[in-house]
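# Tertiary structure, described
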Amino acid sequence: MRIDVITLFPEFIESCAGIGVVGRAQERGLLEVVTCNPRDFATDNHRTVDGRPFGGGPGMLMTIAPLRDALDRVRQASTEPARVIYLSPQGARLTQEKVVELARMDRVILLCGRYEGVDERVLENLVDEELSIGDYVLSGGELAAAIVIDAIGRLQDGALNDAQSAEQDSFAGGLLDCPHYTRPVSDDLGEVP
């Protein structure tokens, strides 16, 4: 599976995707996480990717052209069709069921917003769906993308050392998991021989 991430902070995504289960999945060739920075498609000397909202208001929005051009480049990088997902608090809530659906795809493109988000025309014309990791606001979509990548990565066949781990996870059957203990079991929190 290939996950492309369009982000102003590729080093953050690369760092998160390089460790733990996702890092091992990449080392095993089960998953490929690739980043693309929309600043690379800005046409001015300052590499501007944001602009003031039409009609005023606080904050800045990511502009269309750098995002469109980044998406075009990412789409051309592979022949596999890709689902474009914008990470946003307005999106549908990410669930384990959705993660399983995404994990079965060959390719996903995650678009990380910053500032006040992205120009609405990007969402209307270039994005297939919006996903939310919860009802709160983050500084950008990178943390949400890291969560989506981790959730998808661990479901790739061979990513976990024991395939039953994913099958028996919390929410795998729609319910939370039971409590777990290490051996030997002790009634107190003291040292166990």
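First, a word on what this report is: a plain description of the structure on this page. (Residues numbered from 1 in each chain as written. Predicted model: local features only at pLDDT ≥ 70, side-chain atom pairs only at ≥ 80, totals over all residues. Heavy atoms only, no water.)

## Quick look at the overall build of the chain
If you tally the helices and strands in the chain, you get seven helices and seven strands. Counting only residues that meet the buried cut, the chain has 40% of its 193 residues in that class. Surface exposure of the chain reaches about 11600 Å², of which carbon and sulfur atoms provide 49%. (Helix = DSSP H or I, 4+ residues; strand = E, 2+ residues; numbered from the N terminus. Buried < 20%, exposed > 50% of the residue type's maximum accessible area, 1.4 Å probe, protein only. Areas by Shrake-Rupley, 256 points an atom, 1.4 Å probe, with all protein chains shown as cover.)

## Some words on the sheet that holds strand S2 (residues 32-36)
A sheet is described by the order of its strands in space; here five strands give the open sequence S2-S1-S6-S5-S7, paired in parallel fashion. Edge positions in the sheet fall to S2 and strand S7 (129-132), since each has one partner strand and no second. Averaged over all adjacent pairs, the angle separating strand axes in this sheet is 35°, with direction ignored. Here strand S5 (residues 83-93) runs beside strand S6 (residues 107-112); their pairing, made up of five bridges, is parallel. When the bridges of S6 are listed, Leu 87 appears paired with Cys 112. Where helix H1 (residues 10-17) meets the sheet, its contacts fall on strand S1 (2-6) and S2, and the angle it forms with S2 comes to roughly 170°. (Pairing = 2+ DSSP bridges. Axes fitted to C-alpha atoms, helices over the stretch in contact; angles between N-to-C directions. Contact = heavy atoms within 4.5 Å.)

## Concerning the nonpolar core
Across soluble globular proteins, nonpolar side chains have a tendency to be buried as a group. Counting residues in hydrophobic clusters, the biggest one holds 26 residues, and the most contacted among them are Ile 3, Val 5, Leu 87, Leu 110, Ile 149 and Ile 152. Looking at this core, the elements with two or more residues in it are S1, H1, helix H2 (20-27), S5, helix H4 (96-103), S6 and helix H6 (142-153). At six residues, the largest contribution of residues to this core is made by H6. Residues within four places of Ile 152 in sequence aside, it is in contact with Met 1, Ile 3, Val 99, Leu 102 and Ala 103. Core analysis: the next-biggest nonpolar cluster, separate from the first, contains 20 residues, Ile 6, Cys 36, Ala 42 and Val 84 among them. (Core = buried A, V, L, I, M, F, W, Y, C linked by side-chain atoms within 4.5 Å.)

## Things to note about a nonpolar patch on the surface
A cluster of nonpolar residues, Tyr 136, Leu 138 and Leu 143, forms a patch on the protein surface that exposes about 270 Å² of accessible area. Tracing the sequence through the fold places Leu 143 in helix H6. Owing to a relative accessible area of 45%, Leu 143 belongs among the partly exposed residues under this scheme. (Patch = residues over 30% accessible without salt bridge, like charges linked within 9 Å, V, L, I, M, F, W, Y side chains within 5 Å. Salt bridge = Lys/Arg side-chain N within 4 Å of Asp/Glu carboxyl O.)

## Focus: the packing of H4 against H6
It is the contact of H4 with H6, at a shortest axis distance of 9 Å, that shows an interaxial angle of 70°. Of the possible angle classes, the one that applies to H4 and H6 is roughly perpendicular. Residues Val 99, Leu 102 and Ala 103 of H4 pack against Val 148, Ala 151 and Ile 152 of H6. Taken together, the residues of the contact of H4 with H6 break down into six nonpolar, no polar and no charged. (Parallel < 35°, antiparallel > 145°, perpendicular 65-115°, else oblique. Nonpolar A, V, L, I, M, F, W, Y, C, P; charged D, E, K, R; others polar.)

## Thoughts on H4
Among all positions in H4, only Lys 98, Val 99, Leu 102 and Ala 103 are buried. Here the buried residues of H4 occupy an arc of 135° about the axis, which is enough to place them on one side. Of the surrounding secondary structure, the elements contacted by the buried residues of H4 are S5, S6, S7 and H6. (Arc of directions from axis to C-beta.)

## Re the pairing of S6
Within S6, six of the six residues are buried, which leaves it mostly tucked inside the rest of the structure. In this structure, S1 lies alongside S6, joined through five bridges in parallel fashion. Among the inter-strand pairings, Asp 4 is bridged to a residue of S6, identified as Ile 109. Handedness of the S5-H4-S6 crossover: right-handed. (Right-handed = clockwise from strand over helix to strand, strands pointing away.)

## Focus on the side chain of Thr 7
You can see Thr 7 is positioned in the loop between S1 and H1. A polar contact of 2.8 Å, which involves the side chain of Thr 7, links it to the backbone nitrogen of Phe 9. Leaving out residues up to four positions away in the same chain, Thr 7 has contacts with Ile 13, Thr 35, Cys 36, Asn 37, Pro 38, Cys 112 and Glu 142. (Polar contact = N/O pair within 3.5 Å; in protein donor to acceptor, adjacent residues only side chain to side chain.)

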